[in-house]
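# Observations on chain architecture
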Amino acid sequence: MHTVTDARTAAAAILAYHDELGIEGDVADMGVDRFAEGEAATIAREPASHVHAAAAAEHEGVVAAPAQDDGESAQEIAARAETLDELRAALETYRGCSLHKTATNLCFASGNPAAKLMFVGEAPGREEDLQGEPFVGRAGQLLDKMLAAIGQDRTTCYIANVIYWRPPGNRNPNPEELLACKPFIRRQIELVDPDVLVFLGGVSAKEMLETTQGILKLRGRWRDFDTGKRTIPAIATLHPAYLLRQPAQKKLAWKDLRAIRDKLTAVHNDQETK
């Protein structure tokens, strides 16, 4: 009986997400490549400030995140944290990123630190800044629907951002801000140690994968992400906020979600056989 109920619940979540996507009818196993059909007409050009911090820093001659007044680097501070609580405490007093001056709250993470699935988004918005938690506004509500469609929720995944404080006016973070936060999000990924890693949006994907390619070219392709501890399968997908602005692209996100679901199953099965 529980199996039937669980199956019905999962099916209802998928149908709810399909309704959100505007999908009518069944989704075929071999979907139409709508990206190839309409790429030129639907791509929303991303601002030049999305160029990842590593490339921008190299161009400007910067080789590391800025040090604090006491001379300790962000890399040293992040590396010293042995737990997520210690990492959060370090960020509470970190002054290497100027965004802390204008933000209301630090937005560290949401979800289950022991989860096998981790999402890394871009930067907090207004609601996130007020509540001190990632993805609690409209984009967060859509993310919850996306998770439910593949049988996940905030108890089975962990969510963070590449930037911990809200940029004024919800602007894109600049290269210096990304560089200042990067040692901390890398350490956060290492401490969570998920089995599957998902980058939400162009800012996150380009920064963490160290590329200048746009999100529509990056999404949907699996890569290896080296934490320094082990290699984790990683994929980029479209940010929920982008999907709210460009609803026609939600079908691409659904393809990515199915790939994430299948990868989680494959990793679990592989672990079971070892």
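Structure: see above.
On to the environment of glycine 169. Tracing the chain through its elements places glycine 169 in the loop between β3 (157–161) and α8 (175–192). Measuring from C-alpha to C-alpha, the distance between glycine 169 and glycine 125 comes to 8.5 Å, with 44 residues separating the pair along the chain.

A few words on helix α5 (residues 84–93). By the burial criterion, the buried members of α5 are Leu84, Leu87, Ala90 and Leu91. Within α5, the buried residues cover an arc of 120° as seen down the axis, which keeps them to one side. Summarising the geometry of α5, the exposed residues directed more than 90 degrees from the buried face are Asp85 and Thr93. Tucked inside the fold, the buried residues of α5 contact α4 (74–80), β3 and α8.

This part takes up the packing of aromatic side chains. The final tally for this structure, using the stated rule, is four aromatic pairs. Note on phenylalanine 108 and tyrosine 164: the rings are 6.2 Å apart at their centroids and 20° apart in plane angle, and the pair reads as stacked. Residue phenylalanine 108 is found in the loop between α5 and β1 (110–111), and its partner tyrosine 164 is found in the loop between β3 and α8; the two are separated by 56 residues along the sequence. Take phenylalanine 108 and tyrosine 164: they sit in the same class, and that class is buried. With a centroid separation of 6.1 Å and 70° between ring planes, the pair formed by tyrosine 164 and tryptophan 165 is classed as edge-to-face. Accessibility classification places tyrosine 164 together with tryptophan 165 in one group, the buried group. An aromatic cluster is defined as three or more aromatic residues linked by ring pairs; in this entry it consists of Phe108, Tyr164 and Trp165.

For the pair α8 and helix α9 (residues 202–209), interaxial distance at closest approach is 11 Å and the crossing angle is 80°. Classed by the angle they form, the pair α8 and α9 counts as roughly perpendicular. Touching Leu178, Lys182, Ile185, Arg186 and Ile189 of α8 are Val203, Glu207 and Met208, all from α9. For the contact of α8 with α9, the class distribution of residues is five nonpolar, no polar and three charged.

Quick notes on the rules
- Residues numbered from 1 in each chain as written.
- Predicted model: local features only at pLDDT ≥ 70, side-chain atom pairs only at ≥ 80, totals over all residues.
- Heavy atoms only, no water.
- Helix = DSSP H or I, 4+ residues; strand = E, 2+ residues; numbered from the N terminus.
- Buried < 20%, exposed > 50% of the residue type's maximum accessible area, 1.4 Å probe, protein only.
- Arc of directions from axis to C-beta.
- Contact = heavy atoms within 4.5 Å.
- Phe/Tyr/Trp six-rings, centres within 6.5 Å; stacked < 30°, edge-to-face > 60°.
- Axes fitted to C-alpha atoms, helices over the stretch in contact; angles between N-to-C directions.
- Parallel < 35°, antiparallel > 145°, perpendicular 65-115°, else oblique.
- Nonpolar A, V, L, I, M, F, W, Y, C, P; charged D, E, K, R; others polar.

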